[in-house]
Amino acid sequence: MLPPSRRDFVSLTLSESGSYTNSKQWRRQSCWRKWKQLSRLQRSLILFTLMLLLVCGIATSPTLIGHWRDGVVGENGYDGKQPFVVNLKNEYKSILPDPPSEKKDYRRRGPPVLQNRLQTKTNVSGLLGVENQGLDLKNENKGSEGGKPIISWRGAVIEEEQASDTDTKDTDIQDDPASLAHAESRLEAVREAFRHAWKGYKNFAWGHDELKPISNSYGEWFGLGLTLIDALDTMWILGLKEEFAEAREWVARELSFNKNVDVNLFESTIRILGGLLSTYHLTGDSMFLEKAKDIGSRLMPAFNTASKIPYSDVNIGKGTAHPPQWTSDSTVAEVTSIQLEFRELSRLTGDPKYKLAVMEVMKQVHKLDGKQDGLVPMFINTHNGLFTHQGIYTLGARADSYYEYLLKQWIQGGKTENELLDDYLLAVEGVKKNLLKKSTPSDLTFVGELSHGHFSPKMDHLVCFLPGTLALGAHYGLPTDHMELAKQLMETCYQMYAQMETGLSPEIAHFNMHEGSTQDVDVKIADRHNLLRPETVESLFYMYRFTEDKKYQQWGWEILQNFNKYTRVPTGGYTSINNVRDPANPNPRDKMESFFLVSFTDPDSFTKE
């Protein structure tokens, strides 16, 4: 039986029904009837053709949009040739075109504005991953009053925009205009946080040492405007010109060191002398150098001891010095963490007495007995110059910055003072041998303490200076395994925040080392306070600068948001809290330390162009 013949053509018959009409209803019925009369193959071919035309139209639309944009923007003052970016104020900012070599590199992602950045940079951008793209500081958002608070507790609020950013877990800021605007919004959030802290200080503690933000009052330590001086360089770096000008006027007219007051040598050096010197370097304003020379000279009586180990307290008006009433000891950290500032004062003034005094201390400590693998005890006697309370070794309170200043002095001196480098390298090996352990269940690397041969898994938040210091050393050519250790410890310091219910680190953590532990970090009731310390944030700055790993940016951003959520006070300022484990009632302490304002940007961290 023969198969039916196959047709190689399509027959289409159109029949008329009724008289012709031009009505829309008739046309719809007629088209639909014609469509139904087509075979399935014909309908498929027609649909495929339409889809192909649609895809081609989409593929060519960017070119059409580009031509349209060039025409429209050109009518508004942009010539269509140079790249442009819309900033937070929706203003067009023209920049220089890319060099020809960059234009040919089709692999580069993002618009040219991200490939040819402006030269003027803001230090805080290192942590946020964005550089100042010419924002108009005079017209910036002046504070949070216009924002709508959505979370509150006993005086702390978080603004709506900050809350939305907190929920964003994207750690990779892409090179596109939308991401640039997002990064700039983070930069502005940091500036706004500083302004909020400054607003409280200006309104309720102007010219005094510390703000009490809950009671809208102030606390006095030395009566020398510690917070104001500590914040000078930060304001300059953040571009807060009006705030800086007001503070400078106070320093010029009101700040006097001719007072009958006892000050702590170490605290006065790092907060006042260091603040004045760094501001002088940033501004070139000789008034700050003169003030630095004045306070530096008034601190010199502390070194008038038989051992050359300085007393802890100085009366800057009378020119006398003495140890604390309860002991004749000074802490090792205090007497070995003043060298950077005094050395720099000698360099700037040409007077060697400041450097000679502090370097004599380092020579004494270098040759002392009582160390263990480069680790030093916590106390030193000002009468005989010997270590006391031997057998206890920590990188926390009373010893921490000794190790930090060993490295930074070596760098400051042009990497020529080998004794400082030797002591630093030996100490790092001592840490590895005696203090480094792993926690359970997450194998976090932490730095504990040693007491007469017994190890304690106790780690102060102060120890979180170490990741940044190790990274800084590796950047200047020290062993690469220092950077690997820095990365491990940076993770640990971040987890000291992340594993707390408020997302804020306690002052002291104890790490679990027993099998079956469900949480790495344990915190005793007496250690649950947070004093707004900057060590972790500074180390995050270093780590991002040297590795360019954007997770460090994100970690810093999360920490800022948690400070906003649990420590920010509506009337201005931030308060330290008593309990990082209770988000419902963190129990504010009503005190904003001066060093909190240094957290927003760290002048010591200028290490990458």
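Reading guide: rules and limits
Residues numbered from 1 in each chain as written. Predicted model: local features only at pLDDT ≥ 70, side-chain atom pairs only at ≥ 80, totals over all residues. Heavy atoms only, no water. UniProt positions renumbered as here; feature names shortened; annotations may be inferred. Helix = DSSP H or I, 4+ residues; strand = E, 2+ residues; numbered from the N terminus. Buried < 20%, exposed > 50% of the residue type's maximum accessible area, 1.4 Å probe, protein only. Contact = heavy atoms within 4.5 Å. Areas by Shrake-Rupley, 256 points an atom, 1.4 Å probe, with all protein chains shown as cover. Expected span 1.5 Å × (residues − 1). Core = buried A, V, L, I, M, F, W, Y, C linked by side-chain atoms within 4.5 Å. Axes fitted to C-alpha atoms, helices over the stretch in contact; angles between N-to-C directions. Parallel < 35°, antiparallel > 145°, perpendicular 65-115°, else oblique. Left-handed = near helix turned anticlockwise from the far one by under 90°. Nonpolar A, V, L, I, M, F, W, Y, C, P; charged D, E, K, R; others polar. Pairing = 2+ DSSP bridges.

The protein is annotated in an unreviewed UniProt entry as alpha-1,2-Mannosidase of Sinocyclocheilus rhinocerous. For the record of the protein, the UniProt heading Pathway (unreviewed entry) holds the text "Protein modification; protein glycosylation." According to the UniProt record, the Cofactor (unreviewed entry) comment for the protein reads "Ca(2+)".

J.: What's the story with the overall build of the protein in this structure? I'm lost.
T.: The helix and strand inventory of the protein stands at 20 helices and 20 strands. When the 609 residues of the protein are sorted by exposure, 52% land in the buried category. Within the protein, counting contacts between residues at least 6 apart in sequence, those at least 24 apart form 65% of the total. Carbon and sulfur atoms make up 52% of the accessible area of the protein, which totals about 29,500 Å².

J.: How should helix α16 (residues 418-434) be read in this particular structure?
T.: Because an α-helix completes one turn every 3.6 residues, residues spaced three or four positions apart along the sequence face the same direction. Over its 17 residues, α16 runs 24 Å from end to end, which matches the ideal 24 Å to within 8%, given 1.5 Å per residue. Turning to α16, its buried residues number three or more, namely L420, L421, D423, Y424, A427, V428, G430, V431 and N434.

J.: Can you help me understand the UniProt feature "active site" (unreviewed entry) in the protein in this one?
T.: Here, UniProt's "active site" (unreviewed entry) annotation points to E267, D400, E507 and E535. Note that E507 resides in the loop between α18 (481-498) and β19 (508-511). By relative accessible area, E507 is classed as buried at 12%. Non-local contacts of E507, meaning those with residues more than four positions away in its chain, are made with D460, H461, D527, H529, L531 and R533. Here E535 is to be found in helix α19 (residues 535-547). Under the relative-accessibility criterion, E535 is labelled buried at 14%. For E535, the contacting residues outside a window of four places in its chain are H461, L462, C464 and F465.

J.: Got a minute to help me understand the environment of I338 in this structure?
T.: Here I338 shows up in the loop between α12 (332-335) and α13 (339-349). For the pair I338 and Y402, spaced 64 residues apart in sequence, the C-alpha separation works out to 9.5 Å. If we ignore the near neighbours within four places in the chain, the residues touching I338 are L265, F266, T269, F303, V358 and Y405.

J.: What is the right way to look at the nonpolar core in this model?
T.: Note that soluble globular proteins tend to have their nonpolar side chains buried in a common cluster. Of all hydrophobic cores here, the largest spans 128 residues; its most connected members are L232, L276, F342 and L395. Per element, the largest residue contribution to this core is nine residues, and it comes from α18. The contact partners of L232, leaving out residues within four places of it in the chain, are F244, A247, R248, V251, L276, T279 and F288.

J.: Even after reading the chapter, I still don't get the packing of α13 against helix α14 (residues 353-367), so can you show me in this structure?
T.: The relative placement of two packed helices is expressed as an angle between their axes plus a distance between the axes. Running from N to C, α13 and α14 cross one another at 150°; their axes reach a closest spacing of 7 Å. In terms of axis orientation, α13 runs roughly antiparallel to α14. Viewed along their axes, α13 and α14 form a crossing whose handedness is left-handed. In contact with Q339, F342, R343, L345, S346 and T349 of α13, α14 contributes K353, Y354, K355, V358, M359, V361 and M362. Residues that form the contact of α13 with α14 fall into these classes: seven nonpolar, three polar and three charged.

J.: It is not clear to me how the sheet that holds strand β18 (residues 458-460) should be interpreted in this structure. Could you clarify?
T.: Across a sheet, strands are paired by hydrogen bonds formed along the backbone, either parallel or antiparallel in direction. The strand order across the open sheet built from three strands is β18-β19-β20, with neighbouring strands paired in antiparallel fashion. Every interior strand has two partners, whereas the edge strands, β18 and β20 (521-522), have only one. Of the pairings in the sheet, the one linking β19 to β20 comprises two bridges and is antiparallel in character. Residue F511 lies in a different strand from β20, and its bridge partner there is V521. Sheet strands touched by α18: β18 and β19. Its angle to β18, the strand with the most contacts, is close to 85°.

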